[in-house]
Amino acid sequence: MTDGATPAASGPGYLPGTDMPRFIRDMMAFVGLGDDDLAAIRRSAPVVLRHEQRLTATLYDHFLTFARSAKFFLREDGEVDAARLERRKHSLGRWLRESAEAALTHEFSYYLLSVGLAHGHRSQATGAIPPHLMIGAMSLAQTALAGVFESELSHEDAAAAAVAWNKLLLVQLSVLMLAYLPPRPVL
Ligand code: HEM
């Protein structure tokens, strides 16, 4: 540390899956996701919800343009499984809506863990969604949201919303990544 501050003493490690609210709180503190950010996310919620379908379609259209991500949405005959895609868009819409509420509750923290497991522990023939695609998907979500904020909000509100969502999405990503790592205590 360069400013002479002493880091707070850490307690014994804990397994994130045994206390997801704590893991999320710790990550929020680490990225500096504070009350102002949560307020900016909630203020942006009406705009996000108005564009929910466009945002989810943007992500899935993108997934379909790359063989490495499209393969999770194809039928055995190689055609896009439209019904499955619609279900996936619906799931992504729910995630977006709940994220926009920024209610980082006990229930939401375990919901996020289950979303991670749904990607990282799949038993289907196509296997797990690779972790680098999950990371890339968060980047796509950040870009799509920033575009919506820029077109709908004042410059100042758009910047605040983009900064706050970036923090929130990467806290979420740290939860999704737990599904890809062997369980081990964190500090
Ligand atoms: C920003 C990152 C992502 C988020 C927030 C997200 C969100 C979700 C949610 C909420 C579900 C429903 C989970 C459940 O039923 O419990 C889901 C399922 C699924 N997602 Fe994603 N997703 C992401 C990235 C991806 C990527 C990159 C792919 C593939 C390229 C993908 C493919 C799938 C598939 C195949 C399922 C169905 C899982 C199963 O039940 O087999 N997702 N996603």
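Just so it is clear, the model here is predicted, and its values are computed rather than measured.

Conventions adopted
Residues numbered from 1 in each chain as written. Predicted model: local features only at pLDDT ≥ 70, side-chain atom pairs only at ≥ 80, totals over all residues. Helix = DSSP H or I, 4+ residues; strand = E, 2+ residues; numbered from the N terminus. Rg over C-alpha atoms; globule rule 2.2 N^0.38 Å. Contact = placed C-beta atoms within 7 Å. Expected span 1.5 Å × (residues − 1). Buried ≥ 20, exposed ≤ 12 C-beta atoms within 10 Å, placed from the backbone. Near = placed C-beta within 6 Å. Nonpolar A, V, L, I, M, F, W, Y, C, P; charged D, E, K, R; others polar.

K.L.:
Describe the overall build of the protein chain, and please don't skip the residues or the numbers.
P.N.:
When helices and strands are counted, the protein chain shows 8 helices and 0 strands. Each helix and strand of the protein chain, ordered N terminal to C terminal, gives the series α-α-α-α-α-α-α-α. The C-alpha radius of gyration of the protein chain comes to 18 Å, within 12% of the 16 Å expected for a compact globule of 187 residues. Seen through its principal axes, the protein chain has C-alpha atoms that stretch 60 × 45 × 30 Å. The contacts in the protein chain between residues at least 6 apart in sequence include a share of 78% that link residues at least 24 apart.

K.L.:
Please give an account of helix 8 (residues 155-176) that cites residues and values.
P.N.:
Since one α-helical turn is 3.6 residues long, residues separated by three or four positions face the same way. Given a rise of 1.5 Å per residue, 22 residues ought to cover 32 Å, and the 31 Å separating the end C-alpha atoms of helix 8 matches this to within 8%. Turning to helix 8, its buried residues number three or more, namely Ala158, Ala160, Ala161, Ala162, Ala164, Trp165, Lys167, Leu168, Val171, Gln172, Val175 and Leu176.

K.L.:
Before we move on, could you go through the environment of Arg50 and cite the residues and values that matter?
P.N.:
Mapping Arg50 onto the fold places it in helix 2 (residues 35-50). Arg50 gets classed as exposed once you count the C-beta atoms within 10 Å, which come to 12.

K.L.:
I'd like a description of the site of the ligand, backed by residues and values.
P.N.:
As a matter of local geometry, the ligand sits amid 19 residues, with Ser69, Phe72, Ser91, Ala118 and Ala137 nearest to it. Looking at the shell around the ligand, the elements that each hand over two or more residues are helix 5 (82-101), helix 6 (106-120) and helix 7 (131-152). At 5 residues, helix 7 tops the list of elements feeding residues into the shell around the ligand. Each residue belonging to the shell around the ligand can be placed in one class, and the counts come to 12 nonpolar, 5 polar and 2 charged.

Scope: geometric values only; no functional claims are made or implied.
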